[in-house]
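# An overview of the molecular structure
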Amino acid sequence: MPAQDPAGPTQEFVSDVFARGCTSRAAFEDVTSKWASLALLALGEGRYRFNALRRRIDGVSERMLSQTLQTLERDGMLTREVLTAIPPRVEYSLTPLGARVAEQLRGLADLLEASVPELQTARDTHERDRG
């Protein structure tokens, strides 16, 4: 059995989403942005071309979607495939990591969608009490 370092593991191998410099925290910030979460949820439904994805995510600008997809590609959540066709097309799909993240987000989205009446009541009560 190898001897253990009494100082413990080196910081580069410790993952802690609460630590400022941790890669998992940076990825968490990327994934939990509004547009990234919605893009991951949409791509969890299947492959999308850019404009179809933009239509699916109501309200996102072309520039913001482009930036979001680049960030998710950098983080290993999705792949961008250029298809040789006339005209050339680009399709986006989830990587295995992206699919696992999208599955977790889907559970959250399902919970929130099922809770709309409760959410609306809470919002109405809050407004009435503040008003």
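Residues numbered from 1 in each chain as written. Predicted model: local features only at pLDDT ≥ 70, side-chain atom pairs only at ≥ 80, totals over all residues. Heavy atoms only, no water.

## Description of the packing of helix 2 (residues 34-43) against helix 4 (residues 62-74)
Remark: helix 2 packs on helix 4, axes separated minimally by 10 Å, with the N-to-C direction vectors making an angle of 75 degrees. Taken together, helix 2 and helix 4 sit at an angle that is classed as roughly perpendicular. Residues Trp-35, Ala-36, Ala-39 and Leu-40 of helix 2 form the contact with helix 4, whose participating residues are Met-64, Thr-68, Leu-69 and Leu-72. Taken together, the residues of the contact of helix 2 with helix 4 sort by class into 7 nonpolar, 1 polar and no charged. (Axes fitted to C-alpha atoms, helices over the stretch in contact; angles between N-to-C directions. Helix = DSSP H or I, 4+ residues; strand = E, 2+ residues; numbered from the N terminus. Parallel < 35°, antiparallel > 145°, perpendicular 65-115°, else oblique. Contact = heavy atoms within 4.5 Å. Nonpolar A, V, L, I, M, F, W, Y, C, P; charged D, E, K, R; others polar.)

## A short note on the sheet that holds strand 2 (residues 78-83)
Judged by pairing direction, the sheet is antiparallel, and its 3 strands sit side by side in the order 1-3-2 without closing on themselves. Each edge of the open sheet is held by one strand with a lone partner, namely strand 1 (48-49) and strand 2. Sheet analysis places strand 2 next to strand 3 (residues 89-94), joined by 6 bridges and oriented antiparallel. Within strand 3, the residue paired with Leu-78 across the bridge is Leu-94. Those strands touched by helix 2 are strand 1, strand 2 and strand 3, and its axis lies near 90 degrees from that of strand 3. (Pairing = 2+ DSSP bridges.)

## Some details on the pattern of salt bridges
Oppositely charged side chains may form a pair once their charged atoms are brought near each other. According to the stated counting rule, one finds 11 salt bridges in the structure shown. Here Arg-25 makes a salt bridge to Glu-29, at a shortest N to O gap of 3.6 Å. On the criterion of helical spacing, the pair formed by Arg-25 and Glu-29 is a turn pair, its members being 4 residues apart in helix 1 (residues 23-31). In this structure Arg-25 comes out as partly exposed when scored by relative accessible area, which is 26%. With a relative accessible area of 48%, Glu-29 lands in the partly exposed category. We note a salt bridge from Arg-89 to Glu-91, for which the minimum N-O separation is 3.4 Å. (Salt bridge = Lys/Arg side-chain N within 4 Å of Asp/Glu carboxyl O. Buried < 20%, exposed > 50% of the residue type's maximum accessible area, 1.4 Å probe, protein only.)

## Comments concerning the packing of helix 2 against helix 5 (residues 96-114)
Between helix 2 and helix 5, the shortest axis-to-axis distance is 9 Å and the interhelical angle comes to 105 degrees. When the axis of helix 2 is compared with that of helix 5, the two are roughly perpendicular. Residues Ser-37, Leu-40 and Leu-41 of helix 2 lie in contact with helix 5, whose contacting residues are Gly-98, Val-101, Ala-102, Leu-105, Arg-106 and Ala-109. For the contact of helix 2 with helix 5, a count of residues per class yields 6 nonpolar, 2 polar and 1 charged.

## Re helix 5
Here helix 5 contains 19 residues, and its C-alpha end-to-end distance of 27 Å stays within 8% of the 27 Å for a straight helix at 1.5 Å per residue. Of all the residues in helix 5, the buried ones are Gly-98, Val-101, Ala-102, Leu-105 and Ala-109. Down the axis of helix 5, the sector holding all buried residues measures 100 degrees, keeping them to one side. Seen from the buried face of helix 5, the exposed residues on the opposite side, beyond 90 degrees, are Pro-96, Arg-100, Glu-103, Gln-104, Leu-111 and Ala-114. Taken together, the buried residues of helix 5 touch helix 1, helix 2 and strand 3. (Expected span 1.5 Å × (residues − 1). Arc of directions from axis to C-beta.)

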